[in-house]
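# A structural walkthrough
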Amino acid sequence: MDKKIIKRLLTFILTATLIFTGCSLDNNVSEDTQDDRVVVSLQNESSQVVPDDGNLEVHFIDVGQGSATLIESDGHYMLIDGGDSKYTSSFVSYLQDENVNKFDYIIVTHYDADHLNGVVGALESYDADVVIAPDYKAESKVYKSFVNLIDEKNIDITYPKSGEEYKIGDAEFTILAPNDTHYDDANDYSVAIKLVNENNTFIMTGDAEIESEYEMLETGIDLSCDVYLAGHHGSKYSSSQAFMQAMHPDSVVISSGRDNKYGHPSEDALARFNAMGCDIYRTDELGDIVAVSDGKNITFNTTKSSASKNIKENTQKNSSQTNKNQTKIANYIGNINSKKYHLPDCGSLPDKENQAYFNTVKEAENAGYAPCGNCDPDN
Ligand SMILES: [Zn+2]
Ligand SMILES: [Zn+2]
């Protein structure tokens, strides 16, 4: 069969699955999509001209408490952060599985360990044409390794200039922050970008907090977007109401570790996302999250298998996701993907592995779930 036809079929299946299941994705779909990627990369290796599918892939890689985002468009790769040291080997094998050959760009949002360690790992295996990183120095060991590695590779750090535009494959990105040269909090030095593929827009702000968010608002750059990678892992000091209103994202991705000691994502930030009706995708619940943009629509694939990496991090139970495989009688059943909750006899319950259990309406709403429109569980 022609590759294009296979691709169309897969897109159709994926879209149909999304329609029939609401937002819940099953594992088969993501496997299909991965097979699809293998087809494309095999062509890469045979050094033929790869037909460009116009798709932009944004991989929010599960690195526990940290952040690592791989972006691909037309065979060009870009990395934003790489997660902490504990995950560096699994992170680098993810890059290998995706057939990364080199990076057109690596962005280090800032020099905190939960963002920088994996970048050092990636630079040990891959070359990068351009490394964009903020203009401040850190005291840490990992910062020294980063600077040494950059020196060895003869790469000059490109300091981010707000408003500057770059091209990556068929997509482009604009630097949104930092907009100042001195901050008290290293997080506010975070390089933030707006990534655009035709009509689809992603905003990623590293660990930028309110101060930097207000400066981004003041630039006057259009911040409306489809997907927002929650600033500072969903901390309450980021994703301020004004910033959220300017972006008005359909989907929010949160990269955080299960039961992390910082309490990320915070109830405050989750409440702001829910109030705006955003779909929420969390790496601590879903593992790796891949958003595929065809220029008009964005589809999300999740790989459940990797979620088990996080579970090892802490054995404490999360109230919103109890014993996945156990049959359980609950008053209300939530869908961990769509964040809707249902009566146990509702016709549109999610698969068991995507269920969360609540005893009261209040418990469900506090966990950020909204009532199903069909079974009306809150009435
Ligand atoms: Zn961080
Ligand atoms: Zn940080």
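Here is what the cut-offs are and how they apply
Residues numbered from 1 in each chain as written. Chains lettered and ligands numbered in written order. Predicted model: local features only at pLDDT ≥ 70, side-chain atom pairs only at ≥ 80, totals over all residues. Pairing = 2+ DSSP bridges. Helix = DSSP H or I, 4+ residues; strand = E, 2+ residues; numbered from the N terminus. pLDDT = per-residue confidence, 0-100. Contact = placed C-beta atoms within 7 Å. Expected span 1.5 Å × (residues − 1). Buried ≥ 20, exposed ≤ 12 C-beta atoms within 10 Å, placed from the backbone.

## Concerning the sheet that holds strand β17 (residues 340–342)
The strands making up a sheet associate through backbone hydrogen bonding, with each pair oriented either parallel or antiparallel. Spatially, the 4 strands line up as an open sheet ordered β18-β16-β17-β19, and their pairing is mixed. Every other strand in the sheet has two partners, leaving β18 (355–358) and β19 (370–371) as the edge strands with one partner each. Sheet topology note: the β17/β19 ladder contains 2 bridges and is parallel. Counted as the bridge partner of Lys340 is Ala370 from β19.

## Some remarks on the confidence of the model for the protein
Looking at the protein as a whole, its pLDDT mean stands at 84, while 79% of the residues score no less than 70. Predicted confidence is poor over residues 305–328, with pLDDT under 50, and the contacts of this stretch with residues over four places away or in other chains come to 39 contacts.

## A short note on helix α5 (residues 141–152)
An α-helical turn contains 3.6 residues, so a residue and the one three or four places further along point in the same direction. Here α5 is 12 residues long and its end C-alpha atoms lie 17 Å apart, about the 16 Å a rise of 1.5 Å per residue gives. Note on α5: the residue one or two positions beyond its end, Asn154, has a positive phi of about 55 degrees.

## So, the pairing of strand β2 (residues 68–73)
Within β2, 6 of the 6 residues are buried, which leaves the element mostly enclosed by the surrounding structure. Of the two faces of β2, both are covered, the one formed by Ala68, Leu70 and Glu72 as well as the one formed by Thr69, Ile71 and Ser73. Alignment of strand β1 (residues 56–60) against β2, held across 5 bridges, turns out to be antiparallel. Looking at β2, one finds that Leu56 is bridged to Ser73. Relative to strand β3 (residues 76–82), β2 is paired through 6 bridges, and the arrangement is antiparallel. Paired with Glu72 across the strands is Tyr77, a residue of β3.

## Section: the environment of Ala171
Mapped onto the fold, Ala171 is located in strand β8 (residues 171–177). A sequence separation of 24 residues divides Ala171 from Leu195, and the C-alpha atoms of the two residues are 7.1 Å apart. Sequence-distant contacts of Ala171, that is, excluding residues within four places in its chain, are made with Leu56, Ser73, Leu195, Val196 and Asn197.

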